[in-house]
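What follows is each chain in one-letter form.
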Amino acid sequence: MSTAPKTNADFWFDPACPFAWITSRWILEVEKVRDIEVTWHIMSLAYLNQDKDIPEEYREFLKTAWQPVRVLMAVEQKHGKEALLPLYTAMGTRIHVEKQDKDRAMIEAALAEAGLDVSFADAMDDSSYDDAIAKSHHLGMDQVGNEVGTPTIAFEGRAFFGPVIGKAPRGEDAGRMWDAFITLSAFEHFYELKRSRTEDLDFS
């Protein structure tokens, strides 16, 4: 029987990001078939892009990106990081699968589903959480450099943006992709694999 310690993987997410959502569902599958344990961390697409020259359509999308992240930070500060995943799952399901708006009604419903006090929704317009969000954001993003975002995964002293996938593999397929990710990441001179996406995102 193996007594090797679990691999600790740190995962940075913004609940508004569809790519982070799909990758998060993948790494949850990996936890079932590989000896890893994930710690969840908040990053912010709104913070990341606040001073960047981005398309107006994307800037419009980001107008409602601060609110869910502030609520997540309020919950983390009260209940710890272990409270993040249930709330992220409740929010992400509504945002990406059910296509709900990132408004107070969605946030309150997600809080209730996660077994949390719905009054945490008051944090959505409270900018006093933004410094803590920025600190958590930089803890992840500073490991991978410029021009990256979410998902970001760090483990065993290495950190990468990605993997970016269009659909989350399940079961042993998820495990094999993790194995490949570990193998590539172990090579100190490896930086990037990329190709153009040719399919719509599949949130199933």
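Residues numbered from 1 in each chain as written. Predicted model: local features only at pLDDT ≥ 70, side-chain atom pairs only at ≥ 80, totals over all residues. Heavy atoms only, no water.

The name recorded for the protein in an unreviewed UniProt entry is DsbA family protein, from Nocardioides endophyticus.

1. Re the packing of aromatic side chains
Per the stated rule, a full pass over the model turns up 13 aromatic pairs. Measuring from ring centre to ring centre gives 4.8 Å for Phe11 and Trp40, while their planes differ by 45°; the resulting arrangement is tilted. Placement of the pair is Phe11 in strand β1 (residues 7-13) and Trp40 in strand β2 (residues 36-42), with a sequence separation of 29 residues. When its relative accessible area of 0% is taken as the criterion, Phe11 is described as buried. Members of the aromatic cluster, connected to one another through ring pairs, are Trp26, Phe155, Phe160, Trp178, Phe181 and Phe190. Over the ring of Trp21 we find Arg25; its NZ or CZ atom is 3.9 Å from the centre of that ring. The ring of Tyr88 has Arg25 sitting right over it, with the charged end atom 5.5 Å from the ring centre. (Phe/Tyr/Trp six-rings, centres within 6.5 Å; stacked < 30°, edge-to-face > 60°. Helix = DSSP H or I, 4+ residues; strand = E, 2+ residues; numbered from the N terminus. Buried < 20%, exposed > 50% of the residue type's maximum accessible area, 1.4 Å probe, protein only. Lys NZ or Arg CZ within 6 Å of the ring centre and 35° of its normal.)

2. Notes on empty space enclosed by the protein
Going through the model one piece at a time under the given rule, you end up with one cavity of 30 Å³ or more. What the largest cavity holds in volume is close to 30 Å³. What lines the largest cavity is simply Trp21, Ile22, Arg25, Ala168, Arg170, Asp202, Phe203 and Ser204. Of the residues assigned to the lining of the largest cavity, the class counts are four nonpolar, one polar and three charged. (1 Å grid on protein atoms, 1.4 Å probe; cavity = no way out; pocket = protein on both sides within 12 Å on 5 of 7 lines; lining within 4 Å. Points joined across faces, edges and corners; volume = space filled by probe spheres on them. Nonpolar A, V, L, I, M, F, W, Y, C, P; charged D, E, K, R; others polar.)

3. A look at unusual backbone geometry
For the bond from Thr150 to Pro151, the omega torsion is 10°, close enough to zero to count as cis. With respect to the helices, strands and loops of the structure, Pro151 is situated in the loop between α7 (130-141) and β3 (152-155). Here the amide bond leading from Gly162 into Pro163 is cis, since omega sits at 5°, within 30 degrees of zero. Structurally, the position occupied by Pro163 is in the loop between β4 (158-161) and α8 (171-185). Not every positive phi belongs to a glycine, and Lys99 is a case in point at roughly 60°. Positionally, Lys99 belongs in the loop between α5 (84-97) and α6 (104-113). One non-glycine residue, Glu156, lies in the positive phi region at around 50°. Here Glu156 shows up in the loop between β3 and β4.

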